[in-house]
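Topology and contacts: notes
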Amino acid sequence: ACGVAARTCGVLVLLLLVAEGVMGFIAGRGFVELHRQWEENVTTCVLSKQRLRSGDHWCSAGQGLLRNPANMTPSMWFPACTSTYLVEELHEFNHANDWKHVIFPSRVGQAGQR
């Protein structure tokens, strides 16, 4: 009787762990995809209507010009409550100060990026 109860308890715990893993995978993936849609691209590419309809919100490596302090302000998204002075001041600051593109070497990515 104790052996049957222990096996039943073990099976239930295993089923619970599997269910949690499946739900975590589904919910986690959905959370990451939802979050990813709100991130800005690092390039100034424009996605086609077809790509946007398919849920794609990202430019692939090498599409569009790389954003930098000299060209990023006009294409940046700011919340509606942001002061227009902040946008102007950021633009002026970026043009008044020197900047340097910094590269951190890494392994080659799947899209050929370095």
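A quick note: this is a predicted structure, and the numbers were derived from the prediction, not measured.

Another aspect to go through is the overall build of the protein. Summing up its helical and strand segments, the protein has three helices and zero strands in all. The N-to-C order of helical and strand elements in the protein reads α-α-α. When the 114 residues of the protein are sorted by exposure, 7% land in the buried category. Counted over contacts in the protein with a minimum sequence separation of 6, partners at least 24 positions apart contribute 30%. For the protein, the exposed surface amounts to about 9900 Å²; the carbon and sulfur share of it is 65%.

What follows is about the confidence of the model for the protein. In the predicted model, the protein carries a mean pLDDT of 78, and the fraction of residues at 70 or more is 84%. Averaged over each element, pLDDT in the protein is lowest for helix 1 (residues 2-36) (78) and highest for helix 3 (residues 84-96) (88).

Further remarks concern helix 3. An α-helical segment advances 3.6 residues per turn. Residues three or four places apart therefore align on the same side. With 13 residues, helix 3 should cover 18 Å at 1.5 Å per step; its first-to-last C-alpha distance of 18 Å lies within 8% of that length. The distance from a side-chain oxygen at the start of helix 3 to the backbone nitrogen of Y85 is 3.0 Å, and the residue carrying that oxygen is S83.

In this section: the environment of N97. Locating N97 in the fold gives a position in the segment after helix 3. On the basis of relative accessibility, which here comes to 34%, the residue N97 falls in the partly exposed class. Along the chain, N97 and A70 lie 27 residues apart, while their C-alpha atoms are 9.8 Å from each other. A polar contact is formed between the side chain of N97 and the backbone oxygen of F93, at a distance of 2.8 Å.

A few words now on the side chain of T73. The residue T73 is located in the loop between helix 2 (49-53) and helix 3 in this model. Discounting chain neighbours no more than four positions away, the residues touching T73 are F78, V87, L90, H91 and N94.

Residue position: N94 is located in helix 3. The sequence separation of N94 and A70 amounts to 24 residues, and the corresponding C-alpha distance is 6.2 Å. Discounting residues that sit within four places of it in the chain, N94 has contacts with P69, M72, T73 and W99. From its side chain, N94 meets the backbone oxygen of P69 in a polar contact 3.5 Å long.

Rules used in this analysis
- Residues numbered from 1 in each chain as written.
- Predicted model: local features only at pLDDT ≥ 70, side-chain atom pairs only at ≥ 80, totals over all residues.
- Heavy atoms only, no water.
- Helix = DSSP H or I, 4+ residues; strand = E, 2+ residues; numbered from the N terminus.
- Buried < 20%, exposed > 50% of the residue type's maximum accessible area, 1.4 Å probe, protein only.
- Contact = heavy atoms within 4.5 Å.
- Areas by Shrake-Rupley, 256 points an atom, 1.4 Å probe, with all protein chains shown as cover.
- pLDDT = per-residue confidence, 0-100.
- Expected span 1.5 Å × (residues − 1).
- Polar contact = N/O pair within 3.5 Å; in protein donor to acceptor, adjacent residues only side chain to side chain.

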